[in-house]
Amino acid sequence: MAHVERSIPRTHAAPVAESVDAVAATPSINVTRIGNGPGSYAVHTDPLTSGSVVYSAGVGRDISFDRDLIERFGLTVHAFDPTPASIVWLGLENLPEQFQFHRFGMAGRDGLVCLRPPAEGLHGPHTILRTPRSAGGDVEVPVLRLGSIMKAFGHSRIDLLKLDIEGAEYAVIRDLVNDKLDVRQVVFEVHDNLRGITRWHNAVAMRRLRRAGYRVFHTDDRRVSMIRSDVIADC
């Protein structure tokens, strides 16, 4: 599996970053591309070990990110996705033991939510957003807040949190900050391409994280990588 490692002096300029002036004086840190193609994210891997706690919310049909982390560090990845198609796909895969899959989603509340498929004639993942959808394709699935999951699993911290949850990431980021959860590094995909989501939502989410002590160290198209300042200082 090919990996690209590099040290970058500042964030790469990208529309999502420019919307909140995120291209700032973040110290140079090592950045590693984890995963393949569209399933990859930029991660600061120096703090990661076999004992690191990793949550990967949003599986879809690509776990190259999760596999890469497991192969590199021997750590356990807790993955979350309630989408029926993803559950079926994973059931056909040869999964590593350290890949712990949970059939519920991560969102801004505990309970059940309605997942809506793409609009008729379009391809893509389900979303909890109230957008035009195909008739008869909605499905009710269980979700939990990030803090509820950590409590249930007995985790006092998360070393790396990945969010690719089709618009639900904004509520999870809000909870992460408001509940003062010990999440050291977060990488996420924004979804201002979905109806009802705009760059304003991106700006609010990233501003919340920056005010909580996180710094952007990489942006790439719709993907953002942020790390807490004290984690950089400890490396």
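Before any of the text, the structure's been laid out above.
What comes next concerns the included structure. Quick caveat, the model's predicted, so the values are computed rather than measured. (Residues numbered from 1 in each chain as written. Predicted model: local features only at pLDDT ≥ 70, side-chain atom pairs only at ≥ 80, totals over all residues. Heavy atoms only, no water.)

### Remarks on the sheet that holds strand S13 (residues 223-228)
Phase 1 of the analysis: The sheet built from seven strands is open, its strands ordered S6-S5-S4-S10-S11-S13-S12 with mixed pairing. Of all the strands in the sheet, the pair left with one neighbour each is strand S6 (99-102) and strand S12 (214-220). Across the sheet, the axes of successive neighbouring strands diverge by a mean angle of 15 degrees, strand direction being ignored.
Phase 2 of the analysis: For strand S10 (residues 160-163) and strand S11 (residues 185-189), the ladder comprises three bridges, and the chain directions are parallel. Considered in S11, the bridge of Leu 161 is made with Val 186.
Phase 3 of the analysis: In the packing of helix H4 (residues 146-153) onto the sheet, contacts are made with strand S4 (53-57), strand S5 (76-80), S6 and S10, and the angle to S4 comes to roughly 135 degrees. (Pairing = 2+ DSSP bridges. Helix = DSSP H or I, 4+ residues; strand = E, 2+ residues; numbered from the N terminus. Axes fitted to C-alpha atoms, helices over the stretch in contact; angles between N-to-C directions. Contact = heavy atoms within 4.5 Å.)

### A closer look at helix H5 (residues 169-178)
Think of an α-helix as turning once every 3.6 residues; residues three or four places apart then point the same way.
Phase 1 of the analysis: Within H5, seven of the ten residues are buried, leaving the element largely enclosed by the surrounding structure.
Phase 2 of the analysis: Among the residues of H5, those classed as buried are Glu 169, Tyr 170, Val 172, Ile 173, Asp 175, Leu 176 and Val 177.
Phase 3 of the analysis: Lys 180 occupies a position one or two residues after H5 and carries a positive phi of about 55 degrees. (Buried < 20%, exposed > 50% of the residue type's maximum accessible area, 1.4 Å probe, protein only.)

### Some details on the environment of Val 59
Phase 1 of the analysis: With respect to the element layout, Val 59 can be found in the loop between S4 and helix H2 (64-73).
Phase 2 of the analysis: Through-space distance from the C-alpha of Val 59 to that of Asp 164 is 7.7 Å; in sequence the pair is 105 residues apart.
Phase 3 of the analysis: If we skip the residues at most four places from it in the chain, Val 59 touches Ala 79, Phe 80, Asp 81, Trp 89, Leu 90 and Phe 101.

### Concerning the side chain of Asp 159
Phase 1 of the analysis: Within the element layout of this structure, Asp 159 appears in the loop between H4 and S10.
Phase 2 of the analysis: For Asp 159, a relative accessible area of 11% gives the class buried.
Phase 3 of the analysis: Within the local environment of Asp 159, its side chain forms a polar contact with the side chain of Arg 157, the two groups lying 3.0 Å apart.
Phase 4 of the analysis: Ignoring anything within four residues of it in the chain, the contact list for Asp 159 reads Leu 48, Gly 51, Ser 52, Val 53, Arg 184 and Gln 185. (Polar contact = N/O pair within 3.5 Å; in protein donor to acceptor, adjacent residues only side chain to side chain.)

### Notes on unusual backbone geometry
For residues other than glycine, phi is negative in most cases, and the peptide bonds are mostly trans.
Phase 1 of the analysis: Even without being a glycine, Glu 166 presents a positive backbone phi close to 50 degrees.
Phase 2 of the analysis: The topology assignment puts Glu 166 in the loop between S10 and H5.
Phase 3 of the analysis: With a relative accessible area of 15%, Glu 166 lands in the buried category.
Phase 4 of the analysis: The phi angle at Lys 180 is positive, at roughly 55 degrees, despite the residue not being glycine.
Phase 5 of the analysis: Mapping Lys 180 onto the fold places it in the loop between H5 and S11.
Phase 6 of the analysis: A relative accessible area of 72% means that Lys 180 is categorised as exposed.

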